[in-house]
Amino acid sequence: MENKESNNEFFSYQGTINRKNYIINGIILILLFVITSLIRFENFEPYIKYKIIYKILIWVVEFFKFVLITSLLSVIYRRIADFSGGNEKIIKIIFMIFFLYPFITYYFGYFLFSSIPQILNIMVLSLIGILPVSIILAIIFAFIKSK
């Protein structure tokens, strides 16, 4: 990391973030994701005159959820940087295994490996094993004091 200053931005991988801002930003991002996931946009389809507008609406909502997840990843990355004391190797390994791998598997795994079902099955099984650990780590990061 080049910048060691603390910041409260939602979409920045530079700097660090303290515990209070990590919790607040994480809760905001998770609530927005849950709310957009709970809204059933299929119910709006009969009221929309043109199907292309409905498809655009669905695409915008899915893109918004993608942005929320990448923002949450940036908050987690900066929190890891805050308590790791700038040890770049540990930051990158923890982040890539427990947070970036599930993100890539969820969003891109099917498109990349749909023609090779054995690899896709291995990725899904590993995702089932890693995802609970990732959630627990994200919660633990809220309680670790920075150096």
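That block above? That's the structure.
I will try to describe carefully the structure that is included in this document.

### Digging into the packing of helix H1 (residues 19–38) against helix H2 (residues 51–84)
Closest axis-to-axis distance for the H1/H2 pair is 10 Å, and the angle between their directions is 160°. Classified by the interaxial angle, the pair formed by H1 and H2 is roughly antiparallel. For the pair H1 and H2, the crossing hand works out as left-handed. Contact residues: H1 offers Arg19, Tyr22, Asn25, Gly26, Leu29, Ile30, Leu32, Phe33, Thr36 and Ser37, while H2 offers Val61, Phe64, Lys65, Leu68, Ile69, Ser71, Leu72, Val75, Ile76 and Arg79. Its residues assigned to classes, the contact of H1 with H2 comprises 12 nonpolar, five polar and three charged.

### Looking at the pattern of salt bridges
Inspection of every chain in the model, using the stated rule, returns two salt bridges. With a shortest N-O distance of 3.4 Å, Glu62 and Lys65 are connected by a salt bridge. Taken together, the positions of Glu62 and Lys65, both in helix H2 and three residues apart, correspond to about one turn of that helix. A salt bridge links Arg79 to Asp82; its shortest N-O distance comes to 2.5 Å. Remark: Asp82 and Arg79 occur in helix H2; sequence separation between them is three residues, near one turn of the helix. With relative accessibility at 14%, the residue Asp82 sits in the buried group.

### Describing H2
The end-to-end C-alpha distance of H2, which contains 34 residues, comes to 50 Å, matching closely the 50 Å that a straight helix rising 1.5 Å per residue would cover. Of the residues trailing H2, Gly85 is marked for its positive phi of about 70°.

### What to know about the nonpolar core
Tyr22, Ile76, Ile80, Phe95, Phe99 and Phe141 are the most contacted members of the largest nonpolar core, which totals 20 residues. Elements supplying a minimum of two residues to this core: H1, H2 and helix H3 (88–113). In terms of residues, this core owes the most to one element, H2, which gives nine residues. Ignoring sequence-local partners within four residues, the contact set of Tyr22 consists of Ile17, Val75, Ile76, Arg79, Ala138, Phe141 and Ala142.

### A look at the environment of Glu62
Look at Glu62 and you get partly exposed, because its relative accessible area is 40%. Sequence separation between Glu62 and Phe111 is 49 residues; the distance between their C-alpha atoms is 16 Å.

### A look at H1
An ideal rise of 1.5 Å per residue puts 28 Å on 20 residues; H1 measures up with 28 Å between its terminal C-alpha atoms. Taken together, the buried positions of H1 are occupied by Asn21, Tyr22, Asn25, Gly26, Leu29 and Thr36. For H1, the angular spread of the buried residues around the axis is 125°, confining them to a single face. Seen from the buried face of H1, the exposed residues on the opposite side, beyond 90 degrees, are Lys20 and Leu38. Where H1 is buried, its residues touch H2 and helix H4 (117–140).

Basis of the calculations
- Throughout this description, residue numbers start from 1 for each chain and increase along the sequence as written.
- Owing to the predicted nature of the model, reporting of local features is limited to residues with pLDDT of at least 70; listing and counting of side-chain atom pairs is limited to 80 or more, with chain, interface and lining totals taken over all residues.
- Side-chain measures were taken over the full set of non-hydrogen atoms in the model, leaving aside hydrogen atoms and water.
- The axes used here are C-alpha line fits, helices contributing only the stretch in contact, and every angle between their N-to-C directions lies in the interval 0 to 180 degrees.
- Under the DSSP-based scheme used, a helix requires at least four consecutive residues in state H or I and a strand at least two consecutive residues in state E, with every element numbered from the N terminus.
- Oblique is the label for any angle not under 35 degrees, not over 145, and not in the 65 to 115 range, which are roughly parallel, roughly antiparallel and roughly perpendicular in turn.
- Each crossing gets its handedness from the near helix: less than a right angle anticlockwise from the far helix is left-handed, clockwise is right-handed.
- We call two residues in contact when some of their heavy atoms are within 4.5 Å.
- Think of it as three bins: nonpolar holds Ala, Val, Leu, Ile, Met, Phe, Trp, Tyr, Cys and Pro, charged holds Asp, Glu, Lys and Arg, and polar takes everything else, Gly as well.
- The term salt bridge refers to a pairing of a side-chain nitrogen on Lys or Arg with a carboxyl oxygen on Asp or Glu at a separation within 4 Å.
- Relative accessibility decides the category of a residue: with a 1.4 Å probe and only protein chains considered, values under 20% of the type maximum give buried, values over 50% give exposed, and everything between is partly exposed.
- How far a helix is expected to stretch is found by multiplying one less than its residue total by 1.5 Å.
- Nonpolar cores were defined as sets of buried Ala, Val, Leu, Ile, Met, Phe, Trp, Tyr and Cys residues, with membership established by side-chain atoms within 4.5 Å.
- The directions considered for the arc are those from the helix axis to the C-beta atoms.

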